Amino acid sequence: MAYDETGTDSVAVVAVAGLTAAQVAERVAAGKTNDVPDRASRSVRDIVRANVFTRINAILGVLLIIVLATGSIVDGMFGLLIIANSGIGIIQEVRAKRTLDKLAIVSQTKPVVRRDGVAVAMAPREVVLDDIIELGAGDQIVVDGVVVEAASLDIDESLLTGEADPVHKDVGRQVLSGSFVASGSGCYRATKVGSDAYAAKLADEASKFTLVHSELRSGIDKILKFITYLMIPAGLLIIYNQLFSSGESIRPALSGMVAALVPMVPEGLVLMTSIAFAVGVIRLGQRQCLVQELPAIEGLARVDVVCADKTGTLTENGMRLSELRCADTSDAEPSRAALAAMAASDPRPNASVLAIAEAFPDAPGWGDATAEAPFSSARKWSGQSYGTHGNWVLGAPDVLLDPGSDMARQAEEIGSSGLRVLLLGSCDVPVDHPAAPGAITPRALVILEQRVRPDARGTLEYFASQIVTVKVISGDNAVSVGAVAGSLGLPGGDRPVDARELPADRDALADTLESATTFGRVRPDQKREMVGALQSRGHTVAMTGDGVNDVLALKDADIGVSMGSGSPATRAVAQIVLLDNKFATLPYVVGEGRRVIGNIERVSNLFLTKTVYSVLLAFLIGLTGVLSQIFHFEPVPYPFLPRHVTIAAWFTIGIPAFILSLAPNNERARSGFVPRVMRLAVPSGVIIGVTTFISYLLVYAGPDQTETQKIQAGTSALITLIMIALWVLAVVARPYVWWKLVLIFGSVAGYLILFALPFTREFFKLDPTNVGATTSALVCGLVGVVLVEIGWWVTGRLHGEHRRLFAAPEDLPGVH
């Protein structure tokens, strides 16, 4: 009997029928509801604040104010980057937030609540205090409560305590939200709801829109910090040179200073990263894939081992009865009756029981079971006792039968063809007896057909082509699992391993996992150990699953992937949920992650090359100012106006980076992002900075140069810079496909138009009419191009990485 908080037995009726509509309304009015946020996603206000108030925007904002103070609005065009940085980031994140929140509602755990004697599935926020919530295998407990009905109810509290063994719960025992039903059934009364329940904390952690550890993001942050440190001395030098050494008036001095500092900021790198991640989430959302944590996209791109269950992953969840093979002809009728009775009395039938119920729909009239033993993955059998009609068990033949018996051999032979085989037997003790199942008399083999998913073979072939190993880990008979895996062409599928024979030592287990691909009769705790053993060998492991027996392994894997139709517990701990229940969706997730990581690495080369040559150029110009005071020569002013810096980035970085960040890319992500990017960016940036400085010195006519000569000198330096920067773009874009060639030649054409049209030449203060100066710029540019190519070739030979990093993408249909 259940009691309310006053100690009376007024809720005794509630335990049977649940709350009435009036009682629910009373509790809602009193605020005793479970109304907590569905997700911990950031609000729109937080997204706007995070995208506007950034370090990069702050730097650009200060420089914009300085330029506008000189009265040159045109030179302040780089201020548009602040709007672009903030606007695009806000739009993409808000779209991603809405997509994620919408998908979260679709995949939301819906407890079955008993009200007015009727059981109704409803959203967790609609649960109120004292509600009676029904439980079945796999159900997650959404609020804290006390058990009021129990039938062999075992609760797995591993998510709360780390203890893998289920805890048996009798009437009156407390249950905590965040745990889930391992086996059995029952119902409980809600005693803590809303922020008082442990569920509020667990849900916050399980579905939070978080940015967990990401090598990509942490690498970019590391680069930004380093650049900030470089900007301080470079900025001080250029300020000293422009304001004090060069003797320029305040307006051109400030313009030169801003022109030197603006390109040091890799403003587009963070923007492109945000866009790439956000677009990735939206694309996957359109494929009914819920990404609970953004870096999960990156994590799955780095995966080299995928552990997949057989049922629901390689095979469809639905089954049908193929044959009932009885031990004796006299067992036929009792076996059919027993199966019909067991199927009819199961309140939450699994796929096997549903197939039996479909084959034997007419219950024999044995009445309610006098004892029940719900199925659990640990013992591999379930059972019901029906008094005078006997005690019946249904489960794995290799667990319930003597391995040497004739029926065990038949089951093994049938299972080897890929069929699922269960044993129906009668036992000499009630199924809830401590000694159950006791002595078993085999009555019949229940042979079920599992339909292999039509897309399973293609999915396995995709992973094989991407050098990703697939391990099939199942609780089913090893021979049956091997038959399915072998029929799909999985290497090693014809040599399945029975998990009961696996070594306990982690190193020995890891050795076995390295050599074998298919495992049967795997216990839940073994799945967890197998994930750990693979990780101990340096593998990045993704685990897919849909049942409660997969939760521990999902939680420990680098990336947990749950099926949308799986138990609420699996969805709670997984980073990625396949709402369409298709294993074939996983390649698109992997492909999307690889596209994001590979493309960000590409565009990082462009942005960081610009940063390197900008810092170096500022140092070189600044040093001339310092040395001029020591050796008494005229200092060299900064060659560019802010508008020159702006157009230099248009077609060498801005537009190409945006296109490249969204391009197809299926190369598996690897660690070492920062050093790999810097190997190209640093030498290329140094070459551009030095050759541009030399090009400028060759044309510079001294402090007494006319305005026209000043513009021509700046134009010459700009031509050299653009030529080499375009070649860096051509290097980063390798290997070439038609659209990349269009991108490169389009960028070249864009600059030719800017330098050719009188209006744009006047507007951007460009003058390439001095044949000698322009020829000198072209020669310097060609020298720089050759040096960049040599640097690229040498780096590739030394590290052997560029060929892999920029390998031709294998276009996966639908990914791009």
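Residues numbered from 1 in each chain as written. Predicted model: local features only at pLDDT ≥ 70, side-chain atom pairs only at ≥ 80, totals over all residues. Heavy atoms only, no water.

Student: Explanation requested: the confidence of the model for the protein in the structure shown.
Tutor: In low-pLDDT regions, the fine details of the predicted coordinates are not to be read closely. Per-chain confidence: the protein averages 80 in pLDDT, with 84% of residues scoring 70 or above. Below pLDDT 50 for its whole length, residues 1–14 participates in 21 contacts with residues either more than four positions away or in separate chains. Low pLDDT, under 50, characterises residues 802–816; the predicted model gives this stretch 40 contacts beyond four residues in sequence or across chains. (pLDDT = per-residue confidence, 0-100. Contact = heavy atoms within 4.5 Å.)

Student: Teacher, can you tell me more about the nonpolar core here?
Tutor: Across soluble globular proteins, nonpolar side chains show a tendency to be buried alongside one another. Within the largest apolar cluster, 83 residues are counted, with the highest numbers of intra-cluster contacts made by Ile-600, Leu-606, Phe-640 and Leu-718. A total of 13 residues in this core trace back to one element, the largest contributor, which is helix 25 (residues 707–732). Counting residues in each nonpolar core, the second largest holds 33 residues, with Ala-296, Val-303, Leu-314 and Ala-485 among its members. (Core = buried A, V, L, I, M, F, W, Y, C linked by side-chain atoms within 4.5 Å. Buried < 20%, exposed > 50% of the residue type's maximum accessible area, 1.4 Å probe, protein only. Helix = DSSP H or I, 4+ residues; strand = E, 2+ residues; numbered from the N terminus.)

Student: Sorry if this is basic, but what is going on with the side chain of Thr-585 here?
Tutor: By the secondary structure assignment, Thr-585 is in the loop between strand 21 (576–578) and helix 22 (586–631). Within the structure, the side chain of Thr-585 is placed 2.9 Å from the side chain of Asp-580, a separation counted as a polar contact. (Polar contact = N/O pair within 3.5 Å; in protein donor to acceptor, adjacent residues only side chain to side chain.)

Student: Whenever I open this one, the sheet that holds strand 19 (residues 541–545) confuses me. Can you help?
Tutor: Two orientations exist for strands paired in a sheet by backbone hydrogen bonds: parallel and antiparallel. Pairing is mixed across the open sheet formed by 8 strands, whose spatial order is 8-21-20-19-9-16-18-17. Looking at which strands have only one partner, the edges of the open sheet turn out to be strand 8 (289–291) and strand 17 (497–498). Examined bridge by bridge, strand 9 (residues 305–308) and strand 16 (residues 469–473) share 4 bridges and lie parallel to one another. Pairing of Cys-307 across the sheet is with Lys-471, part of strand 16. Where helix 17 (residues 478–487) meets the sheet, it contacts strand 16, strand 17 and strand 18 (518–520), and its direction lies at approximately 150° from that of strand 18. Strands strand 9, strand 16, strand 18 and strand 19 of the sheet are contacted by helix 19 (residues 524–536), whose axis makes an angle of about 160° with strand 19. (Pairing = 2+ DSSP bridges. Axes fitted to C-alpha atoms, helices over the stretch in contact; angles between N-to-C directions.)

Student: Even after reading the chapter, I still don't get the environment of Gly-136, so can you show me in this structure?
Tutor: Residue position: Gly-136 is located in the loop between strand 3 (132–135) and strand 4 (144–156). Distance in space between the C-alpha atoms of Gly-136 and Phe-180 is 9.1 Å, their sequence separation being 44 residues. Residues within four places of Gly-136 in sequence aside, it is in contact with Val-181, Gly-184, Ser-185 and Arg-348.

Student: Explanation requested: the packing of helix 22 against helix 23 (residues 642–661) in the structure shown.
Tutor: With their axes 9 Å apart at the nearest point, helix 22 and helix 23 run at an angle of 170° to one another. Comparing their axes, helix 23 and helix 22 come out roughly antiparallel. Listed contacts from helix 23 to Arg-595, Asn-599, Val-603, Leu-606, Phe-607 and Lys-610 of helix 22 are Thr-652, Ile-653, Ala-657, Leu-660 and Ser-661. Of the residues that constitute the contact of helix 22 with helix 23, the class distribution is 6 nonpolar, 3 polar and 2 charged. (Parallel < 35°, antiparallel > 145°, perpendicular 65-115°, else oblique. Nonpolar A, V, L, I, M, F, W, Y, C, P; charged D, E, K, R; others polar.)

Student: Looking at this structure, I do not really get a nonpolar patch on the surface. What am I missing?
Tutor: Residues Val-779, Val-783, Val-786, Leu-787, Ile-790, Trp-793 and Val-794 make up a contiguous nonpolar surface patch of roughly 620 Å² in combined accessible area. The residue Val-783 is located in helix 28 (residues 771–799) in this model. (Patch = residues over 30% accessible without salt bridge, like charges linked within 9 Å, V, L, I, M, F, W, Y side chains within 5 Å. Areas by Shrake-Rupley, 256 points an atom, 1.4 Å probe, with all protein chains shown as cover. Salt bridge = Lys/Arg side-chain N within 4 Å of Asp/Glu carboxyl O.)

Student: Quick question: what am I supposed to make of the packing of aromatic side chains here?
Tutor: Tallying each qualifying case throughout the model produces 10 aromatic pairs. Ring geometry for Trp-366 and Tyr-386: centres 5.4 Å apart, planes at 65°, overall edge-to-face. In this pair, Trp-366 is assigned in the loop between helix 13 (351–359) and strand 11 (371–373) and Tyr-386 in the loop between strand 12 (381–385) and strand 13 (391–395), connecting sequence segments 20 residues apart. Pairing Trp-650 with Phe-651 gives two aromatic rings, centres 6.3 Å apart and planes at 80°, and the pair type is edge-to-face. Taken together, the ring pairs connect Trp-650, Phe-651, Tyr-751, Phe-759, Phe-763 and Phe-764 into an aromatic cluster. Sitting over the ring of Tyr-588, Arg-287 keeps its end group 3.8 Å from the ring centre. (Phe/Tyr/Trp six-rings, centres within 6.5 Å; stacked < 30°, edge-to-face > 60°. Lys NZ or Arg CZ within 6 Å of the ring centre and 35° of its normal.)

Student: Looking at this model, I keep getting lost on the pairing of strand 4. Mind explaining?
Tutor: On a regular strand, each side chain points to the face opposite its neighbour's, so the side chains alternate between the two faces of the sheet. Pairing of strand 4 with strand 7 (residues 180–192), which is carried by 10 bridges, proceeds in the antiparallel orientation. Residue pairing across strands places Glu-149 opposite Cys-187, the latter belonging to strand 7. Note that strand 4 and strand 6 (residues 174–175) share 2 bridges and pair antiparallel. Paired with Val-146 across the bridge in strand 6 is Gln-174.

Student: Can you walk me through the pattern of salt bridges in this structure?
Tutor: Between side chains of opposite charge, a pair can form as their charged atoms come close. A complete count under the given rule lists 19 salt bridges for this structure. Taking the shortest distance from any N to any O, the salt bridge between Glu-789 and Arg-734 comes out at 2.9 Å. In this pair, Glu-789 sits in helix 28 while Arg-734 sits in the loop between helix 25 and helix 26 (738–756), placing the two residues 55 residues apart along the sequence. Of the residues examined, Glu-789 reaches a relative accessible area of 26% and is grouped as partly exposed. One continuous salt-bridge network, built from bridges that share partners, spans Asp-398, Asp-498, Arg-500 and Arg-521.

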